[in-house]
Structure formats: structure tokens, C-alpha cells
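In case you want the letters, here they are:
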Amino acid sequence: MDTTHGVKTNVSTNNGMIRPNAFRVVAGPCTVESYDQFAASAKVVKQAGYEYVRGGAFKPRTSPYSFQGLGKEGLEILSEVSNELGLKAVTEVLDPQDIDAVMEHAPILQIGARNMANFSLLKAIGSAISGSPEHGVILKRGFAATVEEWILAAEYITSAGGDNVVLCERGIRTFETSTRFTLDLSAVIVAKRLTDLPVIVDPSHAAGRRDLVVPLSKASVAAEADGLIVESHHEPRDALCDAEQALPSEALMGLRDALRPFANAMGREVV
Ligand code: PEP
Ligand code: MN
């Protein structure tokens with residue numbers, strides 16, 4: 001691939017999720033666990049001033065014995081709470097047969113790391129969102145995928161007509177054991193040199209530890225990322241999924257101030 005392009009810092013999506021000179025923060029719990037849990041966690045996202053909330057209804061768990069998410073009931077809770085709070089929802093799609101239901105309940109469809117190379121899912125999502133400008137996709141990088149494979153996965157979506165594709169670096173598997181995965185910030189910069197697609201960072205799954213989420217978020221701003229997707233929970237210790245990496249409410253409320261000097265230095269405003 002040609003690597004001679006300059007870094008493209010002013011990329012955007014035409015649904016407004018990514019805007020030039022803005023640094024988009026998506027926050028919320030790993031999983032929609034119940035109405036009360038999701039409403040309490042989403043309320044903090046709203047109070048912190050963010051516009052996008054995450055929450056998984058279909059969960060790609062490593063173990064078949066782990067909680068798999070509430071499925072359709074989770075989607076209902078997701079849209080009810082996000083509509084009540086005036087937030088836009090981001091949620092994962094695991095199976096082509098659920099695409100229509102997910103699109104009814106959320107504008108942003110997440111494709112998880114474990115499905116980055118599920119080409120029939122990528123094509124089905126690309127054609128489902130074509131002609132629906134308010135919908136978009138966050139495509140996580142597979143944890144053993146090269147940047148080129150990740151970008152080509154995005155092109156399965158765009159060549160099927162899908163618009164508003166945002167790449168998300170979420171850590172790759174290395175020999176390091178002090179973090180859950182290894183956040184590959186160079187991939188953010190490389191991807192931005194190779195494509196016109198926005199690139200965001202998920203420091204939560206990369207680190208697997210809440211104490212590293214804010215420092216890695218600052219580093220992501222400096223690495224020219226266009227935003228973040230972070231996990232937060234109103235009672236992190238009780239989270240049914242990914243409890244160790246969820247930011248508690250106070251940390252989420254402080255994230256904007258923590259990022260502001262870095263964002264300003266990059267000519268961006270945290271939104
Ligand atoms: C998630 O966002 O909850 C998730 C499972 O992410 P990933 O696909 O990056 O592991
Ligand atoms: Mn998670």
C-alpha cells in the first residue's frame with residue numbers, strides 16, 4: 001500500500017458522528033444488563049455531556065457459559081433509555097439475521113474484533129445501511145489483524161454501499177501480560193495515512209484495567225485519533241461483563257477535563 005499520504009486529521013462522517021476539529025467520546029457499559037442498570041449508567045454519560053452511549057445486547061463472549069447479553073430485550077432497553085435521554089446508541093451486531101432489529105433500535109452498529117473478518121456479516125451490514133444516512137458502523141480491529149486486513153474489512157462494508165464507517169483500534173494480542181491486549185497507537189496513525197476513514201480508540205478493551213483508561217485516552221488524542229469508545233458503569237464492581245475496565249461515574253465525569261488540554265493542542269474540541 002502507498003504510505004506517502006499526509007495524516008488526514010479532518011475526516012468526518014456524513015451522519016455527524018465524526019466532525020472535523022472534534023474529538024468524539026462514546027461511553028457506556030459493556031452490556032445492557034437491565035433497565036435500571038442501563039438507565040443509571042447512561043444518565044452519567046448524559047450528565048458528562050456526551051451524545052453517544054454504548055451498550056451491548058448481543059455479546060460475543062469467549063466462553064459459551066458466560067452471560068450472552070439480553071438480546072432483543074436488551075435492544076428495547078437500549079432504545080428506550082437512549083430516546084428518553086436524547087442519546088444516540090451504539091451496539092454490536094453478531095448475526096446477519098439481527099441487523100434489521102439492531103438498526104431499528106440504534107443508529108450505530110458495532111462490528112466486534114471477533115467478527116472483523118466475518119465477510120458475509122460485513123457485506124450484509126454494508127448493504128443494510130446503504131441509503132440510510134443516519135446509520136453508521138464502528139469496525140473494531142481484529143486482535144490478530146494487520147492494518148491492511150482491517151482496512152480491507154472496512155472496504156467490504158463501503159463496497160457494499162455502506163457509508164459512515166469508523167475504524168476502531170482496540171488492542172492486539174502480544175506477549176505482554178500486564179494489559180489485556182496491547183494498544184497499538186501506531187496503527188491509528190498508519191490507518192489515517194492510508195484511508196479517509198475516521199479512526200477511534202477503545203482503551204478499555206485494550207488495557208482491561210480502569211487505571212489505564214484515562215492515560216491511554218490522552219495518548220489517543222495525541223496519536224490523532226478522532227475519538228474514543230470507553231466502558232463506564234454506575235456500579236463497576238457489579239458489572240456482569242468487563243467489570244475491571246469500567247470507568248466509575250466520577251472518572252467519566254472527569255474525562256473531558258483530563259482530555260481538554262491534549263485536545264486543544266491538537267486543535268480539537270471534546271464532544
Ligand atoms: C465490546 O465492545 O464490548 C467488545 C466485545 O469489544 P471487542 O469486540 O473489541 O472485544
Ligand atoms: Mn466489553
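Reading the values: rules and limits
- Residues numbered from 1 in each chain as written.
- Chains lettered and ligands numbered in written order.
- Predicted model: local features only at pLDDT ≥ 70, side-chain atom pairs only at ≥ 80, totals over all residues.
- Heavy atoms only, no water.
- Donors = N, O, S within 2.8 Å, 3.2 Å for Na, K, Ca; no water.
- Helix = DSSP H or I, 4+ residues; strand = E, 2+ residues; numbered from the N terminus.
- Near = heavy atom within 4 Å.
- Polar contact = N/O pair within 3.5 Å; in protein donor to acceptor, adjacent residues only side chain to side chain.
- Areas by Shrake-Rupley, 256 points an atom, 1.4 Å probe, with all protein chains shown as cover.
- Nonpolar A, V, L, I, M, F, W, Y, C, P; charged D, E, K, R; others polar.
- Buried < 20%, exposed > 50% of the residue type's maximum accessible area, 1.4 Å probe, protein only.
- Lys, Arg positive; Asp, Glu negative; His and termini not counted.
- Salt bridge = Lys/Arg side-chain N within 4 Å of Asp/Glu carboxyl O.
- Contact = heavy atoms within 4.5 Å.

Q: I'd like to hear about the coordination of the manganese ion (ligand 2), residue by residue, with values.
A: A four-donor tetrahedral metal ideally has 109.5 degree angles, and a six-donor octahedral metal ideally has angles of 90 or 180 degrees. Every protein donor of the manganese ion (ligand 2) is listed here as Cys30 (SG), His205 (NE2), Glu231 (OE) and Asp242 (OD), and their distances to the metal cover 2.0 to 2.4 Å. For the manganese ion (ligand 2), all donor residues lie on one chain, and their spacing in sequence is C-x174-H-x25-E-x10-D. Here the residue Cys30 occupies a position in the loop between β1 (22-28) and α1 (35-47), and Asp242 occupies one in the loop between β8 (227-231) and α9 (249-265), the gap between them amounting to 212 residues.

Q: Describe in detail the site of ligand 1, supporting the description with residues and values.
A: Near ligand 1 the following residues occur: Cys30, Arg54, Lys59, Pro60, Gln110, Gly112, Ala113, Arg114, Lys140, Arg170, His205 and Glu231. Ala113 is positioned such that a nitrogen or oxygen atom in its backbone is 2.8 Å from an oxygen atom of ligand 1. Separating an oxygen atom of ligand 1 from a side-chain N or O atom of Lys140 is a distance of 2.7 Å. Expressed as a share of its isolated accessible area of 290 Å², the protein-covered part of ligand 1 is 97%. Its residues assigned to classes, the shell around ligand 1 shows 3 nonpolar, 3 polar and 6 charged.

Q: Can you break down the side chain of Lys59 residue by residue, with the values?
A: With respect to the helices, strands and loops of the structure, Lys59 is situated in the loop between β2 (52-54) and α2 (72-85). Among buried charged residues, Lys59 stands out as having no salt bridge; its nearest opposite-charge side chain is Glu92, 5.0 Å away. Setting aside chain neighbours within four positions, we find Lys59 in contact with Cys30, Thr31, Arg54, Phe67, Gln68, Gly69, Leu94 and Cys241.

Q: Any details on the pattern of salt bridges? Residues and values, ideally.
A: In this structure the tally under the stated criterion is 11 salt bridges. For Asp98, the salt bridge identified is with Lys72, shortest N-O distance 3.9 Å. Of this pair, Asp98 sits in the loop between β3 (88-92) and α3 (99-105) while Lys72 sits in helix α2, and the two are 26 residues apart along the sequence. Asp98 sits in the buried class, given a relative accessible area of 8%. Of the charged contacts, one joins Asp257 and Arg260 as a salt bridge, the two residues approaching to 2.6 Å between their closest N and O atoms. Taken as a pair, Asp257 and Arg260 lie in helix α9 at a separation of 3 residues, close to a single helical turn. Arg260 gets classed as partly exposed once you look at its relative accessible area, which sits at 38%. Each of Arg141, Glu169 and Asp184 takes part in a single network of salt bridges with overlapping partners.

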